[in-house]
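Residues per chain, in single letters:
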Amino acid sequence: MIAEFMLHRTRAEQVVPVYNELIVKYPDVFSLSEAADNEIRTVTLHLGLHWRAAHFKMAAQFIVENYHGVFPTTEEGLLAIPGVGHYAAGAILTVCYHKPYPVVDANIARFINRLYGLQLEGELRRKKGVTEIARCLFNLQDPGRFLFAVLDFTAAVCRPRRPLHEICPFRGICGFYNKEVLPAVRESNARS
């Protein structure tokens, strides 16, 4: 949960040292729930979003008061925690509890939109076609591993700008590549 809160609009390499420091200082939900706001804020100051300190403590207090310090294992239970939305709940369910849950952020939505050639625009992660496909994709034995694999793939190959089509293992079946990129390449080659 803390990792997901920290990763919100923040790059992973910025989060790692702050996360490690916070976990050392507050190794469990009980110590975090009792921490002083200004002490938490001192640790999280480098992330730039100052609301996070109060956010962490509020969520920890809720878990201690309502769940006796034990994280819930259901979507409903996780969504009841202040600050936990569908993405964070899904990440916790898939990574920590190995439960299939359609975890969709902008990167995963872009991957699905491109691979399946959906040609959707706008806020992709909320589009019905994307979430329906995600529900199927995450319905496997180790959905957390799949989540990390897709996130790594979208960071390295299926990037928002200038995707690396030439090394993409999905190029042959990618709807985006075959509908958008390949015809443009063929047309360019025909003109040459």
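Everything quoted here is computed from the prediction, not taken from an experiment.

(A) Looking closely at the overall build of the chain. The helix and strand inventory of the chain stands at 11 helices and 0 strands. Reading the helices (α) and strands (β) of the chain from amino to carboxyl end gives α-α-α-α-α-α-α-α-α-α-α. Overall, the chain is about 70 × 30 × 25 Å in size when its C-alpha atoms are taken along their principal axes. When burial is assessed residue by residue, the chain has 39% of its 192 residues classed as buried. Of the contacts formed within the chain by residues at least 6 apart in sequence, a portion of 51% connects residues at least 24 apart. On the chain, roughly 11,300 Å² of surface is accessible, and the fraction owed to carbon and sulfur atoms is 55%.

(B) Spatial organisation of the packing of aromatic side chains. Here the structure, examined in full by the defined rule, presents 6 aromatic pairs. Here Phe138 and Phe146 contribute two aromatic rings whose centre-to-centre distance is 5.1 Å and whose plane-to-plane angle is 85°, an arrangement assigned as edge-to-face. A ring pair is formed by Phe153 and Phe170, whose centres lie 5.3 Å apart and whose planes are at 90°; its orientation type is edge-to-face. On the criterion of sequence distance, the pair formed by Phe153 in helix H10 (residues 143-156) and Phe170 in the loop between H10 and helix H11 (175-191) is long-range, its members being 17 residues apart. Using a relative accessible area of 14% as the deciding quantity, one classes Phe153 as buried. Linked through ring pairs, Phe111, Phe153 and Phe170 together constitute an aromatic cluster. Note that Arg114 overlies the ring of Phe176, its terminal NZ or CZ placed 5.2 Å from the centroid.

(C) Highlighting the pattern of salt bridges. In this structure the tally under the stated criterion is 4 salt bridges. Put simply, Arg11 and Glu13 hold a salt bridge, and the shortest N to O gap is 2.2 Å. Residue Glu13 is classed as partly exposed on the basis of its relative accessible area of 48%. For Arg125, the salt bridge is made with Glu123, and the minimal N-O distance between the two is 2.5 Å. Residue classification places Arg125 among the partly exposed residues on the basis of a relative accessible area of 32%. Glu123 sits in the partly exposed class, given a relative accessible area of 42%.

(D) Structural context of the confidence of the model for the chain. When pLDDT is averaged along the chain, the result is 92; 99% of the residues meet or exceed 70. Mean pLDDT across the elements of the chain bottoms out in H11 (82) and peaks in helix H6 (residues 75-79) (97).

(E) Region of the structure containing the layout of surface pockets. Taken as a whole, the second largest pocket holds about 270 Å³ of empty space. As for the second largest pocket, its lining consists of Ala106, Arg110, Asn113, Arg114, Gly117, Gln119, Leu120, Glu123, Leu124, Arg125, Phe176 and Glu180. Elements with a minimum of two residues in the lining of the second largest pocket: helix H8 (106-115) and H11. Broken down by element, the lining of the second largest pocket gets its largest block of residues, 4 residues, from H8. Residues belonging to the lining of the second largest pocket are distributed by class as follows: 4 nonpolar, 3 polar and 5 charged.

(F) Here's a closer look at empty space enclosed by the protein. Under the definition given, this model contains 1 cavity of 30 Å³ or more. Estimated volume of the largest cavity: approximately 110 Å³. Surrounding the largest cavity, 14 residues form its lining, Phe153, Cys158, His165, Cys168 and Cys174 being those nearest its centre. Counting only elements with at least two residues in the lining of the largest cavity, the list comes to H8 and H11. A total of 3 residues in the lining of the largest cavity trace back to one element, the largest contributor, which is H8. Split into classes, the residues belonging to the lining of the largest cavity amount to 11 nonpolar, 1 polar and 2 charged.

How each quantity is defined
Residues numbered from 1 in each chain as written. Predicted model: local features only at pLDDT ≥ 70, side-chain atom pairs only at ≥ 80, totals over all residues. Heavy atoms only, no water. Helix = DSSP H or I, 4+ residues; strand = E, 2+ residues; numbered from the N terminus. Buried < 20%, exposed > 50% of the residue type's maximum accessible area, 1.4 Å probe, protein only. Contact = heavy atoms within 4.5 Å. Areas by Shrake-Rupley, 256 points an atom, 1.4 Å probe, with all protein chains shown as cover. Phe/Tyr/Trp six-rings, centres within 6.5 Å; stacked < 30°, edge-to-face > 60°. Lys NZ or Arg CZ within 6 Å of the ring centre and 35° of its normal. Salt bridge = Lys/Arg side-chain N within 4 Å of Asp/Glu carboxyl O. pLDDT = per-residue confidence, 0-100. 1 Å grid on protein atoms, 1.4 Å probe; cavity = no way out; pocket = protein on both sides within 12 Å on 5 of 7 lines; lining within 4 Å. Points joined across faces, edges and corners; volume = space filled by probe spheres on them. Nonpolar A, V, L, I, M, F, W, Y, C, P; charged D, E, K, R; others polar.

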